[in-house]
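Each chain, letter by letter, is given below.
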Amino acid sequence: MEGSRPATPEAPPENLWSSILDSVSSSRSIPSKQVLLLGPSSSGKSVLASALLQKPVSEESKDETRSDFALGYDWADIRDDGDEDTLARLSVYTVPSDAIAYTSLIPHFLPPRVSLPHTLVMVVLDWTRPWTFVDNLQTWLKWVEMWAKGDGSRDLDIVREENHERLQHHLQHYTEPSVDAVPATSNISSNTVLPLGPGTLTHNSAGVPIIVVCTKSDLIDEGNDLVGASSSGMGGMVKGKGGEWEERTDGVMQVLRTICLKYGASLFYTTQQPSTLQVLRQYVLHLLFIPLAPSPMASGSEAPAPLRNPFVFHYKPNTLDRDRIVVPAGWDSWGKISVLREGFEAKVWGEAWEADLDADVVESEDHSGARKMYKMLVPDQGAKPPPLPPFNDPMAEQAFLAKHYDENAKKPDRDPRGAFRNPTDTAAAGIVGPLGSSSFNLPTVERALSEMEAGMGMASSLNASTTADGARRSQRAATGANVTTHVGRPPSSPTIGTSPSSTGGQTQHEVLQNFFQSLLSSRDRGGASATAKSMSPKTNGNTSGTDDTS
């Protein structure tokens, strides 16, 4: 006996008091619950967040021109009815819009593997824009499915299965045959698994508790007696009050209930009245504390006692009051939806919803999806963006030039060279381009050449009539002839002074170039010519060449 005893007593664990305190704190730790608010901007999410946390609405939240955060966050402690013990810590996350820049942040703050069993999703719809209901629901419900899938790990798959079983058990528990005799919120212990009704929980494989909240429902009937859009945005749907108006609004509710049924979701209409917001808060807490589904292996006396939900929902479903609709998850069915208004086929709308979710479906005239059917029920009355100006398709540069080239080539008055062109020349010349050979047949040049020839002949005759009286008179006569040549024609070079026929093989280009070159070089001789003219006597009519002053 003594040989079986240990030689030394077992050593106590290190940090004994720390381990004891940790075990006590873990047993009394406060659970954390999250609510994720999804919806378009200015849809009333800030009012819902304040009502859930029982905090007053801030003045900044009331301002419609405020700038939302990329991801809003606030929290509050949830206490029991006696306000003695803290049962949970409620955190509310608000997403301003469905932009990927915002939704991509949510998995970092709410990773599905950890937060999925403790998170409730609330999709907010705005009754001032009822034509956006189906589009917003498809956008957000698709995102919820994608978020719940996470990284696809095995641990996450187990959490998804447990969460789905819990939601399915909750729906089956609510729809038992004895539901009319027993309050819907009582904790009935039953292991009987009843099949769900048609169209119930066909989606939402992760079992995420979802509540669809239609805010501003007190504005449904505002201004509906006016033709055109009113301040509530609903006035343009119908003309006047009466059956058509009620049929359309009831049809909207039937469509929403059919979609909620497929996801095991709830439907609530809220207003600014605290009573409707309080009902919604009670149901949110009720869904967040749904107990886990009992194990199917436990039976008979071995079945454990069902866990009690600390937040019992006492309110009955309400589908008649248009501004405070309450449709809890598990209560609705296709039959109850069809009773509200005859002619509504929930199965057809369910199939249309499935067609829209199919990514392979291409929008066409033959495609009868839920979006197309809903647009026929509720026409779009939203503000349309201004139309774009007509597209200006400019003509290619070369085509533009070719077009105007052909047009202007037919108009001789548009050609600046027309004043110098020979009228007998029939050759067509373009507006732009090199000068043709006909361009040198200019009347001004021909006239100048003729004057040059005449001037040279006059100078020769004057030189021949001069007498040889003396060297002084001969020099004066020669000077007078030169002056006459300068007066009758411009100074010329030997090349220009010759006839065009005696150019010695020069082309017209060279002749014209020499002519203008002689005009430029005459400036250098301008001063000498003026001096000679002032010193020489007038020779007009005086052939003797005598000096008057001698």
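Quick caveat: nothing in here was measured; it's all calculated off a predicted structure.

The helix and strand tally for the chain stands at 19 helices and seven strands. Across the 550 residues that make up the chain, the buried fraction comes to 36%. Of the contacts formed within the chain by residues at least 6 apart in sequence, a portion of 70% connects residues at least 24 apart. Looking at the chain as shown, the accessible area adds up to about 33,200 Å², and 55% of this sits on carbon and sulfur atoms.

This brings us to the sheet that holds strand E6 (residues 266-269). Pairing in this open sheet of seven strands is mixed, and the strands run E2-E3-E1-E4-E5-E6-E7 from one edge to the other. In this open sheet, the two edge strands, each paired with only one partner strand, are strand E2 (72-79) and strand E7 (326-327). Seen against the sheet, helix H2 (residues 45-53) touches strand E1 (32-38), E2, strand E3 (86-94), strand E4 (119-126) and strand E5 (210-215) and runs at an angle of roughly 170° to E3.

Moving on: the environment of Val378. Of note, Val378 is situated in the loop between helix H13 (370-377) and helix H14 (397-409). Along the chain, Val378 and Arg248 lie 130 residues apart, while their C-alpha atoms are 7.5 Å from each other.

This part covers unusual backbone geometry. It is generally the case that most residues other than glycine have a negative phi and that most peptide bonds are trans. One non-glycine residue, Leu201, adopts positive backbone phi at about 55°. The topology assignment puts Leu201 in the loop between helix H8 (154-174) and E5. You can call Leu201 buried: its relative accessible area is 10%. Its identity is not glycine, yet Lys216 carries a phi of approximately 60°, on the positive side. The topology assignment puts Lys216 in the loop between E5 and helix H9 (243-263). For Lys216, a relative accessible area of 25% gives the class partly exposed.

For the rest of this paragraph, the subject is the pairing of E3. Looking at chain direction, E1 and E3 are connected through six bridges and run parallel. Pairing of Gln34 across the sheet is with Ser91, part of E3. As paired strands, E2 and E3 are joined by eight bridges and run antiparallel to one another. The partner of Ile78 across the bridge, within E3, is Ala88.

On to H13, then. All of the buried residues in H13 are Ala370, Met373, Tyr374 and Leu377. Here the buried residues of H13 occupy an arc of 100° about the axis, which is enough to place them on one side. Those residues of H13 that are exposed and aimed more than 90 degrees away from the buried face are Lys375 and Met376.

We now examine the pattern of salt bridges. Two side chains with opposite charge may pair up if their charged atoms get near one another. All told, the structure shown has ten salt bridges when counted by the stated rule. In this structure, Glu354 and Lys262 form a salt bridge, with 3.0 Å as the shortest nitrogen-oxygen distance. Here Glu354 is found in helix H12 (residues 346-357), whereas its partner Lys262 is found in helix H9, with 92 residues between them in sequence. For Glu354, a relative accessible area of 32% corresponds to the partly exposed category. Lys262 gets classed as buried once you look at its relative accessible area, which sits at 7%. Among the charged side chains, a network of salt bridges with common partners joins Asp126, Arg129 and Lys216.

On to the packing of helix H7 (residues 133-149) against H13, then. Packing of H7 against H13 leaves a shortest axis separation of 9 Å and a crossing angle of 155°. Judged on the interaxial angle alone, H13 and H7 are roughly antiparallel. Residues Phe133, Val134, Asp135 and Gln138 of H7 form the contact with H13, whose own contacting residues are Ala370, Arg371 and Tyr374. Grouping the amino acids of the contact of H7 with H13 by side-chain chemistry returns four nonpolar, one polar and two charged.

Moving on, we come to the packing of aromatic side chains. On inspection of all chains with the given rule, the structure shows eleven aromatic pairs. When the centroid spacing of 6.4 Å and the interplanar angle of 90° are considered together, the rings of Tyr263 and Trp353 count as edge-to-face. Here Tyr263 is found in helix H9, whereas its partner Trp353 is found in helix H12, with 90 residues between them in sequence. Considered together, Tyr263 and Trp353 belong to a single accessibility category, that of buried residues. Consider the rings of Phe515 and Phe516, whose centres lie 5.3 Å apart with planes at 70°: the pair is edge-to-face. Its relative accessible area of 11% is what places Phe515 among the buried residues.

A cluster of nonpolar residues, Leu16, Trp17 and Ile20, forms a patch on the protein surface that exposes about 330 Å² of accessible area. Within the secondary structure, Ile20 is located in helix H1 (residues 16-27). The class of Ile20 is partly exposed, set by a relative accessible area of 35%.

Analysis parameters
- In this numbering scheme, every chain counts its residues from 1 along its sequence in written order.
- Totals for whole chains, interfaces and linings use every residue, but because this is a predicted model, local features are given only for residues with pLDDT of at least 70 and side-chain atom pairs only at 80 or more, for both listing and counting.
- Side-chain descriptors were evaluated using all non-hydrogen atoms of the structure, hydrogens and water having been removed beforehand.
- Elements are defined by DSSP. Helices are runs of H or I of four residues or more, strands are runs of E of two residues or more, and each kind is numbered from the N terminus.
- Categorising residues by exposure relies on relative accessible area from a 1.4 Å probe, with only protein chains included: less than 20% of the type maximum marks a residue as buried, more than 50% marks it as exposed, and the intermediate range marks it as partly exposed.
- We call two residues contacting when some pair of their heavy atoms lies within 4.5 Å.
- Calculation of accessible area relied on Shrake-Rupley with a 1.4 Å probe; when residues are assessed, cover is drawn exclusively from the protein chains displayed.
- Paired strands are those between which DSSP finds at least two bridges.
- Whenever a helix is involved, its axis is fitted only over the stretch in contact; in every case the axis is a line through C-alpha atoms, and angles between N-to-C directions fall within 0 to 180 degrees.
- Within this analysis, the arc is defined by the directions that extend from the helix axis to the C-beta atoms.
- A side-chain nitrogen of Lys or Arg and a carboxyl oxygen of Asp or Glu constitute a salt bridge if their distance falls within 4 Å.
- Any angle from 65 to 115 degrees is called roughly perpendicular, while one under 35 is roughly parallel, one over 145 is roughly antiparallel, and all others are oblique.
- Only Asp, Glu, Lys and Arg are considered charged, only Ala, Val, Leu, Ile, Met, Phe, Trp, Tyr, Cys and Pro nonpolar, and every remaining residue, Gly among them, polar.
- Here a pair means two rings of Phe, Tyr or Trp (six-membered ring of Trp) with centres within 6.5 Å. Their orientation is stacked below 30 degrees between planes, edge-to-face above 60, and tilted elsewhere.
- Patch criteria: residues need more than 30% relative accessible area and no salt bridge. Like-charged residues are merged within 9 Å; nonpolar side chains of Val, Leu, Ile, Met, Phe, Trp and Tyr are merged within 5 Å.

Don't take any of this as a statement about function, it's just geometry.
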